[in-house]
Amino acid sequence: MLSYDELTSPERELWDAFPEGRRVDLRTGVPEDDRVVEGGQWGAGRTVRATVVVALLLGANTTQPGAVACLRLAGARISGQLNLAGAQIAHAVWIEDCWFEESVDLLGASLQTLVITGSQVPGIEADSARIEGNLDLRRSVVESLASSPFNHVSTALSLSDARVTGGLLLNGAEMRASEGWAVAAGGLVMEGGVFCRGFVGRGEVRLLGAQLPGGLFMQGAHLTDPGPHGVSLALDNAVASTLDFSDGFTANGTVRLQGTRASGTLTFDGAVLNGPPDGQGPSLVALLMQAVDFDFTLVRPPSGTVDLQGAQVSFLHDSEHSWPDVVELDGFVYGSIKVDETGERREAMGRRNSVPHRVAWIRRCPGYNPQPYEQLAGWYRKAGHDHEARRVLLAKQRHRRQTLPRTARAWGHLLDVTVGYGYRPWLAGVWLLALTFAGALSFSTHAPTPVQKGEGAPFQPLVYTLDLLIPIGGLGQRTAWYWPNDSLQWLAYLLIAFGWVLTTAVIAGVTRALQKN
């Protein structure tokens, strides 16, 4: 138990101020002397032992009636470890521009608002902590802790399974755990928002399964030196109202949103996704992600792949800078697409060359998958653009044809040329007119021989050609005449064959189209 006589002058000042909640400011007012980064050189006149802070927070100096006890300290060098693991703390803590000699341990603690701003701390361990109020670390620099039983990787800020009833404020803060975990907050439960504007994370930021009803705001944040697996941000299975990675947000590693759910907006407007430094991993992994509004209008195309397999969004916003060379779209479902053009958002289907542009987008997927084509065609069809939908489905069949054996590819080419796989049935009419014209013109230059003299209708080149091309029924010309000229007789046989092929292609193509519809 500490006695008052053992306290140094700054410690006595803090001891006396605590019951009334007065701030103790040990700063000199000279900017060069108050630089927190050099706090290790501050002398005894600015040093407060961590044991004194712990003693005050645990009730060593009773409060005065009519006053709210609170620890307020600025410009101090805090020596020793601030160990409050498992403690029940009823007082708010406000620490500003302080330099910590050792880490802060809040494992399993229950406390009120905790503010450590503009300070330098060698690690904060707050797993399973309960904070009734805000956790404010704005402008602070937190270095990495060594690995612990709870985090096997070096970690700067640990909030796994913690609960915060207010907000988590990390604006302008820097978490340093290069190739480790800058923030480890799996299972974090927030009642307020998480604000990381201008935040710098050196290492992986982990919010696996976090509950963020107040949203996550990382505008202008910079994530670098990713963790062991090249991941800068991991939000797998997290639930949030808003996920804002806009206004210059930069990730030099993979952003992982697997199974993440956003009840409102998920935005990367103006973001930069560089992917892992070695160039071997994806820039964004968002398998099974769900969001209402997904804004993917980046500053430039991601350097790595983008994986949206199984994701579901109501509104997709993209631009010419949104997509890398490889995009995984199998199972991706969207209700609407809007394109950013010179700062204006417009419906994508109203653009010129909309279909070729979107088909080229789908062709960035490795291999052949029918679902992206069906999804795109369904989007056009729901908007009343049936012609565009048929063009997409035709592109799907042409892509599929490349995966078939040689004989099947040959049949596919025939269906494509004759009826456009059933999505262009008018092509059959074009072929019929062309063959009819060619046949009628050829047959009109010669006189055929009747099969039976004096019987049958007079020879009509046009009707004769149609009789050859139409395999079903008869017009009485084909069986009544033959050609002594071998070339014309072979032309007749060829037209008969073309008629069967054309009819078969029409039936097959139209049947395919009707079945899909």
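Below: a short report on this structure. Predicted model only: the values in this text are computed from it and were never measured. (Residues numbered from 1 in each chain as written. Predicted model: local features only at pLDDT ≥ 70, side-chain atom pairs only at ≥ 80, totals over all residues. Heavy atoms only, no water.)

Moving on: the overall build of the protein chain. Counting its secondary structure elements, the protein chain contains nine helices and 39 strands. Seen along its three principal axes, the alpha-carbon backbone of the protein chain occupies a region of about 140 × 40 × 40 Å. Of all 517 residues assigned to the protein chain, the portion counted as buried reaches 50%. Put simply, of all contacts in the protein chain between residues at least 6 apart along the chain, 51% involve residues at least 24 apart. For the protein chain, the exposed surface amounts to about 22900 Å²; the carbon and sulfur share of it is 53%. For the protein chain, the centre of its 43 positive side-chain charges and the centre of its 51 negative side-chain charges are spaced 12 Å apart. (Helix = DSSP H or I, 4+ residues; strand = E, 2+ residues; numbered from the N terminus. Buried < 20%, exposed > 50% of the residue type's maximum accessible area, 1.4 Å probe, protein only. Contact = heavy atoms within 4.5 Å. Areas by Shrake-Rupley, 256 points an atom, 1.4 Å probe, with all protein chains shown as cover. Lys, Arg positive; Asp, Glu negative; His and termini not counted. Charge placed at Lys NZ, Arg CZ, Asp CG, Glu CD.)

Before going further, it helps to spend a moment on helix α5 (residues 386–401). The first and last C-alpha atoms of α5 sit 23 Å apart over 16 residues, in line with the 22 Å expected at 1.5 Å per residue. Turning to α5, its buried residues number three or more, namely A389, V392, L393, L394, A395, K396, Q397, H399 and R401. (Expected span 1.5 Å × (residues − 1).)

As a further point, take the pattern of salt bridges. Going through the model one piece at a time under the given rule, you end up with 19 salt bridges. Its salt-bridge partner being R77, residue E101 comes within 3.1 Å of it at the nearest N-O pair. Linking E101 in the loop between β7 (99–100) and β8 (104–105) with R77 in strand β4 (residues 77–79), this pair joins segments that are 24 residues apart in sequence. Of the residues examined, R77 reaches a relative accessible area of 15% and is grouped as buried. A salt bridge links E204 to R206; its shortest N-O distance comes to 2.9 Å. A single burial state applies to E204 and to R206, both of which are buried. In this structure, a network of salt bridges that share partners links the residues R23, D25, R27, E96 and D97. (Salt bridge = Lys/Arg side-chain N within 4 Å of Asp/Glu carboxyl O.)

This part covers the packing of helix α3 (residues 354–362) against helix α4 (residues 370–382). Where α3 contacts α4, the two axes come as close as 10 Å, and the packing angle between them is 155 degrees. Here α4 runs roughly antiparallel to α3, going by the angle between their axes. When the axes of α3 and α4 are compared, the crossing they make is right-handed. Contacts between α3 and α4 involve S354, V355, R358, V359 and I362 from the former and P372, Y373, L376 and Y380 from the latter. For the contact of α3 with α4, the residue count by class is seven nonpolar, one polar and one charged. (Axes fitted to C-alpha atoms, helices over the stretch in contact; angles between N-to-C directions. Parallel < 35°, antiparallel > 145°, perpendicular 65-115°, else oblique. Left-handed = near helix turned anticlockwise from the far one by under 90°. Nonpolar A, V, L, I, M, F, W, Y, C, P; charged D, E, K, R; others polar.)

It is worth spelling out α3 at this point. When we look at burial in α3, the residues that qualify are S354, V355, R358, V359, W361 and I362. Angularly, the buried residues of α3 cover 150 degrees about the axis, an arc narrow enough to put them on a single face. On the buried face of α3, the contacting elements are β34 (312–318), β35 (327–328), β36 (333–341), α4 and α5. (Arc of directions from axis to C-beta.)

Counting through the fold element by element, S319 comes out in the loop between β34 and β35. Excluding its chain neighbours within four sequence positions, the residues that come into contact with S319 are T297, L298 and D340.

This paragraph deals with the packing of aromatic side chains. Under the criterion given, the structure shown has 13 aromatic pairs. Aromatic pair F249 and F268: ring centres 6.5 Å apart, planes at 70 degrees, arrangement edge-to-face. Of this pair, F249 sits in the loop between β26 (243–244) and β27 (250–251) while F268 sits in the loop between β29 (261–267) and β30 (272–273), and the two are 19 residues apart along the sequence. You'll find F249 and F268 in the same group, each marked buried. (Phe/Tyr/Trp six-rings, centres within 6.5 Å; stacked < 30°, edge-to-face > 60°.)

Residues in a regular strand project their side chains so that they alternate between the two faces of the sheet. Pairing analysis gives six bridges linking β34 to β36, with the strands arranged parallel. Its bridge partner being in β36, V313 is matched across the sheet by Y334. Taken together, the four bridges between β36 and strand β37 (residues 344–347) define a ladder with antiparallel strand orientation. Bridge pairing links K338 to E347 in β37. (Pairing = 2+ DSSP bridges.)

Let us look at the pairing of strand β9 (residues 110–117). Burial runs high along β9: six of the eight residues are buried. Note: strand β6 (residues 92–96) against β9, four bridges, orientation parallel. Each bridged residue has a counterpart across the sheet, and for W94 the counterpart in β9 is V115. In terms of strand pairing, β9 meets strand β12 (residues 130–136) through five bridges, oriented parallel. By the bridge assignment, L114 is partnered in β12 with L135.

Next up on the list: the packing of α4 against α5. It is at 7 Å that the axes of α4 and α5 come closest, and there the two elements cross at 170 degrees. Accordingly, the angle class assigned to the pair α4 and α5 is roughly antiparallel. Here P370, Y373, E374, L376, A377, Y380 and R381 of α4 lie close against α5, whose contacting residues are D386, E388, A389, V392, L393, A395, K396 and H399. Classifying every residue of the contact of α4 with α5 by side-chain character gives nine nonpolar, one polar and five charged.

M175, F199, F249 and F268 are the most contacted members of the largest nonpolar core, which totals 120 residues. When residues in this core are grouped by element, the largest group, seven residues, is from helix α2 (residues 50–57). Those residues in contact with F268 that lie beyond four places of it in its chain are F245, F249, V255, L257, L273, L284, F294, D295, F296, T297 and L298. Residues L435, L469, W483 and L495 belong to the second largest nonpolar core, which totals 10 residues. (Core = buried A, V, L, I, M, F, W, Y, C linked by side-chain atoms within 4.5 Å.)

A word on the environment of F296. Checked against the element boundaries, F296 lands in the loop between β32 (290–295) and β33 (306–307). Once you skip the residues sitting within four places of it in the chain, F296 turns out to touch F268, L273, L284, P302, V306, H317, D318, S322 and W323.

Our next topic: the side chain of T297. Take T297: it is sitting in the loop between β32 and β33. Judged by its relative accessible area of 5%, T297 falls in the buried class. A polar contact of 3.0 Å, which involves the side chain of T297, links it to the side chain of D269. Setting aside chain neighbours within four positions, we find T297 in contact with F268, D269, G270, A271, H317, D318, S319, S322, D340 and R345. (Polar contact = N/O pair within 3.5 Å; in protein donor to acceptor, adjacent residues only side chain to side chain.)

Our next topic: unusual backbone geometry. When glycine is set aside, most residues are seen to have a negative phi, and most peptide bonds are trans. Here the phi dihedral of N237 falls at roughly 60 degrees; this positive angle occurs in a residue that is not glycine. Within the element layout of this structure, N237 appears in the loop between β24 (231–234) and β25 (239–240). Although it is not a glycine, L288 adopts a positive phi angle of roughly 60 degrees. Within the element layout of this structure, L288 appears in the loop between β31 (284–285) and β32.

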